[in-house]
Amino acid sequence: MSTDSTPRVLSIQSHVVHGYVGNKSAVFPLQVLGFEVDAINTVQFSTHTGYKHIKGTILKNEEMAELIEGLALNEVDYYTHFLTGYSRSPDSLKQIASIITKLKQKNPNLIYVCDPVMGDNGKMYVPDEVLPVYRDILVPLADILTPNQFEAEQITGLTMNDLDGALKIIDALHNKGVKTVVLSSTDLGDEQNMIGIASNKDSCYKIVIPKFGATFTGTGDLFAALFMAWSHKTNKNLKLTLEKTIATLQYIVKDTFDKARAVQATGKVSPALIELRLVQNKTTIEDPKIIIEATKMKG
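Residues numbered from 1 in each chain as written. Predicted model: local features only at pLDDT ≥ 70, side-chain atom pairs only at ≥ 80, totals over all residues. Heavy atoms only, no water.

## With respect to the pattern of salt bridges
This model, assessed by the stated rule, comprises 12 salt bridges. Here Asp-143 makes a salt bridge to Lys-104, at a shortest N to O gap of 3.2 Å. Of this pair, Asp-143 sits in the loop between α4 (130-138) and β8 (144-145) while Lys-104 sits in helix α3 (residues 90-106); the two residues are 39 residues apart in sequence, bridging distant segments of the chain. Note that Asp-136 is salt-bridged to Arg-135, the shortest N-O span being 3.0 Å. Overlapping salt bridges bring together Lys-104, Asp-143 and Lys-179 as one network. (Salt bridge = Lys/Arg side-chain N within 4 Å of Asp/Glu carboxyl O. Helix = DSSP H or I, 4+ residues; strand = E, 2+ residues; numbered from the N terminus.)

Now the structure itself:
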């Protein structure tokens, strides 16, 4: 067991050589916010899949098992947090479930943050076989769950047409055993804004998230990492955690978009121009200024 009070996270996500998604989107912000991060990369790709050409390799299940075994043999497998993101393999997700079980034996207070990356805007971008593994195995193990609207609907089998529908979905996820449910984005706003919602059974807050005229990759991975970090740093203050997370994301996305538009004034922005500007916004990650406040929905 570690005697150091520094929070330690094992993050199992994708990795890209260039740009910011998966672990590349999560590790730096977590380190800046004071976390020790051990990262296992489920894939190593040249870039994210929004680019024309994708090259790289996928971590085999036996290779992941070997890495975990090495950590255990060296007795460095004590973590306060565990974070998972994108995975295309049902078998890999089942393996992750067994890893959680082992880590919770070492630290019963381990907080598992699950970002159930499956799809968006009405369509899946992982195999359909992934859904039941999330729904029946991983979600019940999660302490914090950060789906978008589409993913939350898929996991619960319910639809979200209004805020009441959102609350029903959140309750269904709580009933699966999840302590904190965060809908990272929903279509319940208007043309200018999305709505984010966070609930921990006792209380529930919503927050307005302004939209920008581009599709950003890696924002969901960044959201999950930031929410985990601020939940720890604020001693699970749900309202403040949501506000700090959105403040950071909004500043980084706006800065990225503005810089991209300075180079390419019109048309669809090329993927290379809207890679999230994380390094340039280190001070914002450390101390985000809250501009948009969350409002209480219940509790």
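## Focus on the UniProt feature "domain: Pyridoxamine kinase/Phosphomethylpyrimidine kinase" (unreviewed entry) in the protein chain
Per the UniProt record, "domain: Pyridoxamine kinase/Phosphomethylpyrimidine kinase" (unreviewed entry) is found at residues 95-254. The span residues 95-254 shows a helical share of 46% and a strand share of 19%, and its end C-alpha atoms are spaced 37 Å apart. (UniProt positions renumbered as here; feature names shortened; annotations may be inferred.)

## With respect to the packing of aromatic side chains
As enumerated under the stated definition, the model contains 4 aromatic pairs in all. By way of ring pairs, the aromatic residues Phe-212, Phe-216 and Phe-257 are connected into one cluster. Lying over the aromatic face of Tyr-20, Lys-24 brings its terminal NZ or CZ to 5.4 Å of the ring centre. Just above the ring of Trp-230 sits the side chain of Lys-244; from NZ or CZ to the centre is 5.0 Å. (Phe/Tyr/Trp six-rings, centres within 6.5 Å; stacked < 30°, edge-to-face > 60°. Lys NZ or Arg CZ within 6 Å of the ring centre and 35° of its normal.)

## Things to note about the side chain of Gln-95
Following the sequence through the fold, Gln-95 ends up in helix α3. On the basis of relative accessibility, which here comes to 15%, the residue Gln-95 falls in the buried class. Beyond its immediate sequence surroundings of up to four residues, Gln-95 is in contact with Asn-61, Met-64 and Ala-65. (Buried < 20%, exposed > 50% of the residue type's maximum accessible area, 1.4 Å probe, protein only. Contact = heavy atoms within 4.5 Å.)

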